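# Structural characterization, general
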Amino acid sequence: MSEFPTLTAMGIENTGDIARFTVRHAKGEDELKVYFHPGQEGSQPASLKFAFLADDQAVLKQALSELNRLQGEAPPADVKAEIVDNLASLEQVMHAKMEEIRRRLAEL
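What counts as what
Residues numbered from 1 in each chain as written. Predicted model: local features only at pLDDT ≥ 70, side-chain atom pairs only at ≥ 80, totals over all residues. Heavy atoms only, no water. pLDDT = per-residue confidence, 0-100. Helix = DSSP H or I, 4+ residues; strand = E, 2+ residues; numbered from the N terminus. Pairing = 2+ DSSP bridges. Core = buried A, V, L, I, M, F, W, Y, C linked by side-chain atoms within 4.5 Å. Buried < 20%, exposed > 50% of the residue type's maximum accessible area, 1.4 Å probe, protein only. Contact = heavy atoms within 4.5 Å.

The subject of this paragraph is the confidence of the model for the protein chain. If pLDDT is low for a region, its predicted coordinates should not be looked at in detail. This prediction gives the protein chain a mean pLDDT of 85; 90% of its residues lie at or above 70. Mean pLDDT per element in the protein chain: helix H3 (residues 79–107) is the minimum at 86, and helix H1 (residues 5–9) is the maximum at 94.

So, about the pairing of strand S2 (residues 29–36). Strand direction decides the pairing type here: strand S1 (residues 18–26) and S2, joined by eight bridges, are antiparallel. In the sheet register, Ala26 faces S2, and the bridge partner there is Glu29. With antiparallel pairing between neighbouring strands as the criterion, S1 and S2 make up a hairpin whose turn holds two residues, including Lys27 at a positive phi of roughly 50°.

Our next topic: the nonpolar core. Within the largest apolar cluster, 14 residues are counted, with the highest numbers of intra-cluster contacts made by Leu7, Leu32 and Val34. Mapped by element, the contributors of at least two residues to this core are S1, S2, strand S3 (47–52) and helix H2 (57–70). Setting aside chain neighbours within four positions, we find Leu32 in contact with Met10, Phe21, Thr22, Val23, Leu48, Lys49, Phe50, Phe52, Leu60, Ala63, Leu64 and Leu67.

And the structure:
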C-alpha cells in the first residue's frame, strides 16, 4: 500500500516529483493545484489541477495532509487563523455572487 494513498488515488504516482502545491477557493469549489519538478523525459505535466466540491472536503483535507507530510511541513497550528482565512474566502465568494445577482436584476 502506498504511503500517500489519497494522492495515488488522484493519479499522482511519483510523489517525489512534487515541487509545491496551492489551494484556491473559487466558484463554489476548492481547487488544488500540484506542481511538479521538471521531468527528464518531458512526459510528466508541469502541474495537475483538482476541483473539490463541498461533499469532497474530506478527500481534500486528506490530500493536503499527505502533501504537507510529503513537504515536511506540520499542519497549521493556528486554527483561528485558518478560520479567519476561510471566512475571508467566503466573504469574497458571497460578494461576487451578490454583484452578479444585482447585475442580472438591473438587466431585467
